[in-house]
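Tertiary structure, described
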Amino acid sequence: MAHILSGKEVAAALDAATRERTLALAAKGITPTLLIIRVGENPGDLSYERGATRRCEAVGIRCLKTVLPEDAEQDDLLQVIREANADASVHGVLLFRPLPRHMNQALIENALAPAKDVDCMTDLSLAGVFTGKKLGFPPCTPQACMEILDHFGIDCTGKRAVVIGRSLVVGKPAAMMLLKKNATVTVCHTRTKDLAERAREADILIAAAGRAGIVGEGCFREGQIVLDVGINVNEEGKLCGDVDFAAAEPVAEAITPVPGGVGAVTTSVLARHVVEAAENA
Ligand code: NAD
(Lines give C-alpha, C1' and ligand atoms only; values in the text may rest on other atoms or scores of the structure.)
Protein backbone atom coordinates (compact mmCIF):
# COMPACT_ATOMS: atom_id res chain seq x y z
CA MET A 1 0.00 0.00 0.00
CA ALA A 2 1.59 3.24 -1.14
CA HIS A 3 2.07 6.16 1.18
CA ILE A 4 -0.12 9.03 -0.05
CA LEU A 5 1.90 12.18 -0.73
CA SER A 6 -0.69 14.81 0.15
CA GLY A 7 -0.35 17.95 -1.91
CA LYS A 8 -2.64 19.70 0.53
CA GLU A 9 -0.12 19.13 3.32
CA VAL A 10 2.72 20.55 1.21
CA ALA A 11 0.55 23.50 0.13
CA ALA A 12 -0.33 24.31 3.75
CA ALA A 13 3.35 24.45 4.70
CA LEU A 14 4.22 26.65 1.69
CA ASP A 15 1.26 28.95 2.32
CA ALA A 16 2.20 29.46 5.98
CA ALA A 17 5.66 30.68 4.92
CA THR A 18 4.22 32.86 2.13
CA ARG A 19 1.72 34.39 4.52
CA GLU A 20 4.59 35.50 6.80
CA ARG A 21 6.17 37.25 3.83
CA THR A 22 2.96 39.04 2.79
CA LEU A 23 2.59 40.28 6.37
CA ALA A 24 6.13 41.66 6.27
CA LEU A 25 5.33 43.39 2.97
CA ALA A 26 2.05 44.73 4.36
CA ALA A 27 4.01 46.31 7.20
CA LYS A 28 5.88 48.29 4.51
CA GLY A 29 2.61 49.25 2.82
CA ILE A 30 3.04 46.80 -0.08
CA THR A 31 0.24 44.49 -1.23
CA PRO A 32 1.64 41.80 -3.52
CA THR A 33 -0.52 41.82 -6.64
CA LEU A 34 -1.12 39.24 -9.35
CA LEU A 35 -2.76 40.13 -12.65
CA ILE A 36 -4.47 37.16 -14.30
CA ILE A 37 -4.97 37.61 -18.05
CA ARG A 38 -7.37 35.24 -19.77
CA VAL A 39 -8.39 35.13 -23.41
CA GLY A 40 -11.71 33.31 -23.87
CA GLU A 41 -13.66 31.09 -21.50
CA ASN A 42 -11.80 27.75 -21.50
CA PRO A 43 -13.32 25.71 -18.60
CA GLY A 44 -9.87 24.43 -17.54
CA ASP A 45 -8.55 28.01 -17.36
CA LEU A 46 -11.61 29.14 -15.41
CA SER A 47 -11.17 26.33 -12.91
CA TYR A 48 -7.44 27.10 -12.44
CA GLU A 49 -8.25 30.81 -12.16
CA ARG A 50 -10.73 30.15 -9.34
CA GLY A 51 -8.24 27.96 -7.46
CA ALA A 52 -5.34 30.39 -7.94
CA THR A 53 -7.43 33.38 -6.87
CA ARG A 54 -8.66 31.61 -3.75
CA ARG A 55 -5.15 30.50 -2.80
CA CYS A 56 -3.52 33.87 -3.47
CA GLU A 57 -6.16 35.85 -1.59
CA ALA A 58 -5.91 33.47 1.36
CA VAL A 59 -2.22 34.37 1.80
CA GLY A 60 -2.75 38.12 1.34
CA ILE A 61 -2.18 38.60 -2.39
CA ARG A 62 -4.47 40.89 -4.37
CA CYS A 63 -5.74 39.34 -7.62
CA LEU A 64 -6.72 41.47 -10.61
CA LYS A 65 -8.26 40.05 -13.77
CA THR A 66 -8.32 41.11 -17.37
CA VAL A 67 -10.46 38.98 -19.67
CA LEU A 68 -10.40 39.37 -23.44
CA PRO A 69 -12.78 37.69 -25.86
CA GLU A 70 -11.57 34.64 -27.83
CA ASP A 71 -11.50 36.73 -31.02
CA ALA A 72 -9.55 39.64 -29.47
CA GLU A 73 -6.84 41.24 -31.62
CA GLN A 74 -3.27 40.29 -30.80
CA ASP A 75 -2.46 43.99 -30.33
CA ASP A 76 -5.13 44.30 -27.65
CA LEU A 77 -3.47 41.53 -25.65
CA LEU A 78 -0.02 43.03 -26.20
CA GLN A 79 -1.35 46.34 -24.93
CA VAL A 80 -2.65 44.68 -21.73
CA ILE A 81 0.78 43.12 -21.17
CA ARG A 82 2.62 46.39 -21.83
CA GLU A 83 0.38 48.20 -19.34
CA ALA A 84 1.04 45.49 -16.74
CA ASN A 85 4.80 45.84 -17.35
CA ALA A 86 4.57 49.59 -16.73
CA ASP A 87 2.27 49.34 -13.69
CA ALA A 88 4.44 49.27 -10.54
CA SER A 89 1.48 48.05 -8.46
CA VAL A 90 1.37 44.77 -10.47
CA HIS A 91 4.09 42.38 -9.33
CA GLY A 92 3.24 39.19 -11.19
CA VAL A 93 1.31 38.26 -14.34
CA LEU A 94 -0.32 34.93 -15.17
CA LEU A 95 -1.44 34.50 -18.78
CA PHE A 96 -3.39 31.38 -19.71
CA ARG A 97 -2.03 29.42 -22.65
CA PRO A 98 -2.38 28.10 -25.26
CA LEU A 99 -3.60 31.33 -26.83
CA PRO A 100 -6.07 31.36 -29.74
CA ARG A 101 -4.47 30.25 -33.02
CA HIS A 102 -4.61 33.67 -34.66
CA MET A 103 -2.12 35.00 -32.09
CA ASN A 104 1.67 34.70 -32.21
CA GLN A 105 2.14 32.99 -28.87
CA ALA A 106 5.96 33.29 -28.71
CA LEU A 107 5.79 37.02 -29.41
CA ILE A 108 3.19 37.57 -26.69
CA GLU A 109 4.96 35.37 -24.13
CA ASN A 110 8.18 37.34 -24.54
CA ALA A 111 6.43 40.71 -24.29
CA LEU A 112 6.09 40.23 -20.53
CA ALA A 113 8.75 41.77 -18.28
CA PRO A 114 10.75 38.79 -16.94
CA ALA A 115 10.63 40.24 -13.40
CA LYS A 116 6.82 39.77 -13.47
CA ASP A 117 6.93 36.37 -15.19
CA VAL A 118 5.77 34.30 -12.21
CA ASP A 119 4.98 31.16 -14.27
CA CYS A 120 8.00 31.01 -16.59
CA MET A 121 6.52 31.98 -19.92
CA THR A 122 9.40 34.07 -21.31
CA ASP A 123 12.44 32.56 -22.97
CA LEU A 124 14.65 34.25 -20.38
CA SER A 125 12.87 32.58 -17.45
CA LEU A 126 13.05 29.22 -19.24
CA ALA A 127 16.75 29.75 -19.93
CA GLY A 128 17.21 30.04 -16.18
CA VAL A 129 15.74 26.56 -15.70
CA PHE A 130 17.97 25.06 -18.36
CA THR A 131 21.21 26.84 -17.37
CA GLY A 132 20.65 26.52 -13.63
CA LYS A 133 21.00 30.30 -13.25
CA LYS A 134 18.46 32.41 -11.38
CA LEU A 135 17.25 34.42 -14.39
CA GLY A 136 13.56 34.35 -13.53
CA PHE A 137 10.93 32.19 -11.85
CA PRO A 138 10.67 28.47 -12.68
CA PRO A 139 7.37 27.10 -14.01
CA CYS A 140 4.98 26.48 -11.11
CA THR A 141 3.91 22.90 -11.88
CA PRO A 142 7.31 21.17 -12.14
CA GLN A 143 8.46 23.32 -9.21
CA ALA A 144 5.45 21.95 -7.29
CA CYS A 145 6.76 18.42 -7.97
CA MET A 146 10.14 19.41 -6.49
CA GLU A 147 8.42 20.93 -3.45
CA ILE A 148 6.62 17.63 -2.86
CA LEU A 149 9.89 15.67 -3.08
CA ASP A 150 11.57 18.13 -0.68
CA HIS A 151 8.68 18.23 1.78
CA PHE A 152 8.61 14.46 2.15
CA GLY A 153 12.40 14.23 2.37
CA ILE A 154 12.81 12.27 -0.88
CA ASP A 155 16.45 12.48 -1.93
CA CYS A 156 16.98 12.27 -5.70
CA THR A 157 20.76 11.88 -5.68
CA GLY A 158 21.79 8.92 -7.80
CA LYS A 159 18.16 7.85 -8.31
CA ARG A 160 16.70 6.94 -11.68
CA ALA A 161 14.01 9.45 -12.56
CA VAL A 162 11.63 9.03 -15.48
CA VAL A 163 9.49 11.92 -16.74
CA ILE A 164 6.61 11.12 -19.09
CA GLY A 165 5.95 14.22 -21.22
CA ARG A 166 8.29 16.69 -22.89
CA SER A 167 6.33 19.95 -22.92
CA LEU A 168 8.08 23.20 -22.04
CA VAL A 169 5.48 23.78 -19.34
CA VAL A 170 5.99 20.56 -17.40
CA GLY A 171 8.07 17.68 -18.80
CA LYS A 172 11.30 19.34 -19.95
CA PRO A 173 11.68 21.70 -16.97
CA ALA A 174 10.84 18.83 -14.59
CA ALA A 175 13.67 16.83 -16.17
CA MET A 176 16.10 19.74 -15.68
CA MET A 177 15.03 20.18 -12.06
CA LEU A 178 15.56 16.47 -11.37
CA LEU A 179 19.01 16.68 -12.99
CA LYS A 180 19.82 19.58 -10.68
CA LYS A 181 18.87 17.29 -7.81
CA ASN A 182 21.43 14.78 -9.11
CA ALA A 183 18.99 12.21 -10.46
CA THR A 184 19.72 10.27 -13.66
CA VAL A 185 16.87 11.33 -15.89
CA THR A 186 14.99 9.73 -18.79
CA VAL A 187 12.32 11.68 -20.66
CA CYS A 188 9.54 9.69 -22.36
CA HIS A 189 7.12 11.00 -24.98
CA THR A 190 4.67 9.87 -27.65
CA ARG A 191 7.42 8.20 -29.72
CA THR A 192 8.95 6.34 -26.78
CA LYS A 193 8.97 2.58 -27.26
CA ASP A 194 8.23 0.32 -24.30
CA LEU A 195 6.83 3.09 -22.09
CA ALA A 196 5.91 0.59 -19.37
CA GLU A 197 9.45 -0.82 -19.29
CA ARG A 198 10.97 2.68 -19.04
CA ALA A 199 8.48 3.65 -16.31
CA ARG A 200 9.19 0.49 -14.32
CA GLU A 201 12.90 1.40 -14.24
CA ALA A 202 12.13 4.63 -12.38
CA ASP A 203 12.84 5.20 -8.72
CA ILE A 204 11.00 8.49 -9.19
CA LEU A 205 8.29 8.61 -11.85
CA ILE A 206 6.68 11.88 -12.95
CA ALA A 207 3.68 11.46 -15.24
CA ALA A 208 2.81 14.57 -17.27
CA ALA A 209 1.30 13.31 -20.52
CA GLY A 210 -2.27 14.53 -20.13
CA ARG A 211 -3.73 11.10 -20.97
CA ALA A 212 -6.03 9.53 -18.41
CA GLY A 213 -4.61 6.33 -16.98
CA ILE A 214 -1.84 5.77 -19.58
CA VAL A 215 0.57 4.96 -16.78
CA GLY A 216 -1.03 1.71 -15.74
CA GLU A 217 -0.50 -1.97 -15.01
CA GLY A 218 3.12 -2.99 -15.66
CA CYS A 219 4.57 0.51 -15.12
CA PHE A 220 5.20 0.18 -11.39
CA ARG A 221 7.48 -1.61 -9.00
CA GLU A 222 8.18 -1.67 -5.31
CA GLY A 223 10.04 1.29 -3.83
CA GLN A 224 8.85 3.70 -6.50
CA ILE A 225 7.81 7.31 -5.88
CA VAL A 226 5.04 8.32 -8.31
CA LEU A 227 4.09 11.96 -8.93
CA ASP A 228 1.00 12.36 -11.11
CA VAL A 229 0.82 15.76 -12.82
CA GLY A 230 -1.98 14.86 -15.23
CA ILE A 231 -5.34 16.54 -14.92
CA ASN A 232 -7.89 14.71 -17.04
CA VAL A 233 -11.58 13.89 -16.99
CA ASN A 234 -12.40 10.18 -17.27
CA GLU A 235 -15.40 8.50 -18.97
CA GLU A 236 -17.46 8.94 -15.81
CA GLY A 237 -16.77 12.68 -15.89
CA LYS A 238 -14.48 12.50 -12.87
CA LEU A 239 -11.15 14.30 -12.48
CA CYS A 240 -8.25 11.86 -12.79
CA GLY A 241 -4.51 11.81 -13.41
CA ASP A 242 -2.32 10.05 -15.96
CA VAL A 243 -1.62 7.29 -13.46
CA ASP A 244 -4.01 4.40 -12.95
CA PHE A 245 -4.14 4.92 -9.19
CA ALA A 246 -5.70 1.51 -8.45
CA ALA A 247 -2.85 -0.23 -10.31
CA ALA A 248 -0.07 1.88 -8.76
CA GLU A 249 -1.20 2.08 -5.18
CA PRO A 250 -0.68 -1.57 -4.13
CA VAL A 251 2.83 -1.63 -5.67
CA ALA A 252 4.52 1.78 -5.35
CA GLU A 253 6.17 3.18 -2.24
CA ALA A 254 4.41 6.55 -2.44
CA ILE A 255 2.04 8.35 -4.79
CA THR A 256 0.35 11.73 -5.22
CA PRO A 257 -3.43 11.60 -5.58
CA VAL A 258 -5.49 13.48 -8.20
CA PRO A 259 -7.07 15.73 -7.08
CA GLY A 260 -5.18 16.83 -3.96
CA GLY A 261 -1.68 16.15 -5.26
CA VAL A 262 0.56 18.20 -7.56
CA GLY A 263 -2.27 20.55 -8.58
CA ALA A 264 -2.86 21.54 -4.97
CA VAL A 265 0.78 22.64 -4.67
CA THR A 266 1.01 24.49 -8.01
CA THR A 267 -1.07 27.49 -6.89
CA SER A 268 0.94 27.73 -3.65
CA VAL A 269 4.12 27.95 -5.70
CA LEU A 270 2.48 30.63 -7.85
CA ALA A 271 1.57 32.62 -4.73
CA ARG A 272 5.13 32.36 -3.43
CA HIS A 273 6.48 33.64 -6.75
CA VAL A 274 4.14 36.65 -6.67
CA VAL A 275 5.35 37.53 -3.17
CA GLU A 276 8.98 37.11 -4.20
CA ALA A 277 8.37 39.37 -7.23
CA ALA A 278 6.87 41.98 -4.88
CA GLU A 279 9.89 41.70 -2.56
CA ASN A 280 12.26 42.11 -5.52
CA ALA A 281 10.36 45.17 -6.77
P1 NAD B 1 1.13 18.83 -23.34
O2 NAD B 1 0.00 18.24 -24.11
O3 NAD B 1 1.73 20.11 -23.78
O4 NAD B 1 2.32 17.76 -23.32
C5 NAD B 1 2.07 16.40 -23.10
C6 NAD B 1 3.37 15.63 -23.30
O7 NAD B 1 3.11 14.25 -23.02
C8 NAD B 1 3.91 15.70 -24.70
O9 NAD B 1 5.28 16.02 -24.63
C10 NAD B 1 3.74 14.29 -25.29
O11 NAD B 1 4.87 13.87 -26.03
C12 NAD B 1 3.59 13.43 -24.05
N13 NAD B 1 2.62 12.37 -24.26
C14 NAD B 1 1.32 12.50 -24.65
N15 NAD B 1 0.75 11.28 -24.77
C16 NAD B 1 1.71 10.39 -24.46
C17 NAD B 1 1.72 8.97 -24.43
N18 NAD B 1 0.63 8.26 -24.73
N19 NAD B 1 2.87 8.37 -24.09
C20 NAD B 1 3.98 9.09 -23.78
N21 NAD B 1 4.02 10.44 -23.79
C22 NAD B 1 2.89 11.06 -24.14
O23 NAD B 1 0.65 18.89 -21.83
P24 NAD B 1 1.28 19.70 -20.58
O25 NAD B 1 0.88 21.10 -20.65
O26 NAD B 1 2.70 19.33 -20.41
O27 NAD B 1 0.42 19.05 -19.39
C28 NAD B 1 0.52 17.66 -19.12
C29 NAD B 1 -0.57 17.28 -18.14
O30 NAD B 1 -0.34 17.99 -16.93
C31 NAD B 1 -1.99 17.66 -18.56
O32 NAD B 1 -2.87 16.67 -18.07
C33 NAD B 1 -2.25 18.96 -17.87
O34 NAD B 1 -3.62 19.17 -17.63
C35 NAD B 1 -1.51 18.71 -16.58
N36 NAD B 1 -1.10 19.92 -15.89
C37 NAD B 1 -1.25 19.91 -14.57
C38 NAD B 1 -0.88 21.01 -13.83
C39 NAD B 1 -1.00 20.95 -12.34
O40 NAD B 1 -0.92 21.97 -11.69
N41 NAD B 1 -1.14 19.75 -11.76
C42 NAD B 1 -0.38 22.14 -14.47
C43 NAD B 1 -0.17 22.11 -15.85
C44 NAD B 1 -0.54 20.98 -16.55
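Residues numbered from 1 in each chain as written. Predicted model: local features only at pLDDT ≥ 70, side-chain atom pairs only at ≥ 80, totals over all residues. Heavy atoms only, no water.

Of the positions making up helix H7 (residues 171–180), those classed as buried are Gly 171, Pro 173, Ala 174, Ala 175, Met 177 and Leu 178. Elements that come into contact with the buried residues of H7 comprise helix H5 (123–131), helix H6 (140–151), strand E5 (160–164), strand E6 (184–188) and strand E7 (204–207). The positive-phi residue at the C-terminal boundary of H7 is Asn 182, with phi of around 70°. (Buried < 20%, exposed > 50% of the residue type's maximum accessible area, 1.4 Å probe, protein only. Helix = DSSP H or I, 4+ residues; strand = E, 2+ residues; numbered from the N terminus. Contact = heavy atoms within 4.5 Å.)

Summed over the entire model, instances satisfying the criterion amount to 13 salt bridges. One salt bridge connects Glu 201 with Arg 198, and the closest N-O pair in it is separated by 2.9 Å. Pair noted here: Glu 201 and Arg 198 are both in helix H8 (residues 195–201), with a separation of three residues, about one helical turn. Taken together, the shared-partner salt bridges connect Arg 38, Glu 41, Glu 49 and Lys 65 into one network. (Salt bridge = Lys/Arg side-chain N within 4 Å of Asp/Glu carboxyl O.)

A cluster of nonpolar side chains, contributed by Ile 231, Val 233 and Leu 239, occupies part of the molecular surface with about 300 Å² of accessible area. With respect to the helices and strands, the residue Leu 239 is situated in strand E10 (residues 239–240). For Leu 239, a relative accessible area of 44% translates into the label partly exposed. (Patch = residues over 30% accessible without salt bridge, like charges linked within 9 Å, V, L, I, M, F, W, Y side chains within 5 Å. Areas by Shrake-Rupley, 256 points an atom, 1.4 Å probe, with all protein chains shown as cover.)

Further remarks concern the site of the ligand. Within the structure, the ligand sits among 20 residues, and Thr 141, Arg 166, Ser 167, Ile 231 and Thr 266 are positioned closest to it. Interatomic distance of 2.8 Å between a backbone N/O atom of Arg 166 and an oxygen atom of the ligand. The separation between an oxygen atom of the ligand and a polar side-chain atom of Ser 167 is 2.5 Å. No other element matches helix H10 (residues 262–280), which puts three residues into the shell around the ligand. Grouping the constituent residues of the shell around the ligand by class yields eight nonpolar, 10 polar and two charged. (Near = heavy atom within 4 Å. Polar contact = N/O pair within 3.5 Å; in protein donor to acceptor, adjacent residues only side chain to side chain. Nonpolar A, V, L, I, M, F, W, Y, C, P; charged D, E, K, R; others polar.)

What follows concerns the nonpolar core. Ranked by internal contacts, the top residues of the largest apolar core, which has 47 residues, are Leu 34, Leu 149, Leu 178 and Ile 206. Element by element, the count of residues in this core is highest for H10, at nine residues. Here this core gathers at least three residues from each of two domains, domain 1 (29–115) and domain 2 (140–263). Setting aside its immediate chain neighbours within four residues, Leu 149 contacts Ile 154, Cys 156, Leu 178, Ile 204, Ile 225 and Leu 227. By size, the runner-up hydrophobic cluster in this structure holds 18 residues, among which are Ile 37, Val 80, Val 93 and Met 103. (Core = buried A, V, L, I, M, F, W, Y, C linked by side-chain atoms within 4.5 Å. Domains from an automatic or database assignment.)

On to the domain arrangement of the protein. The extent of an interface is frequently quoted as the accessible surface area lost upon association of the parts. Each assigned domain of the protein is listed with its residue range as follows: domain 1 (29–115) and domain 2 (140–263). When each unit is reduced to the centre of its C-alpha atoms, the spacing between domain 1 and domain 2 is 28 Å.

Cis peptide bonds are those with omega within 30 degrees of zero, and the linkage from Arg 97 to Pro 98 qualifies with 5°. Looking at the element boundaries, Pro 98 is found in the loop between strand E4 (92–95) and helix H4 (105–109). Here the residue pair Val 258 and Pro 259 is connected by a cis peptide bond, since its omega of 0° sits within 30 degrees of zero. If you trace the backbone, Pro 259 turns up in the loop between strand E11 (254–255) and H10. The phi dihedral of Cys 120 falls on the positive side, at around 55°, and the residue is not glycine. Relative to the elements of secondary structure, Cys 120 occurs in the loop between H4 and H5. Backbone geometry at Asn 182 places phi at a positive 70°, although glycine is not the residue there. Within the secondary structure, Asn 182 is located in the loop between H7 and E6.

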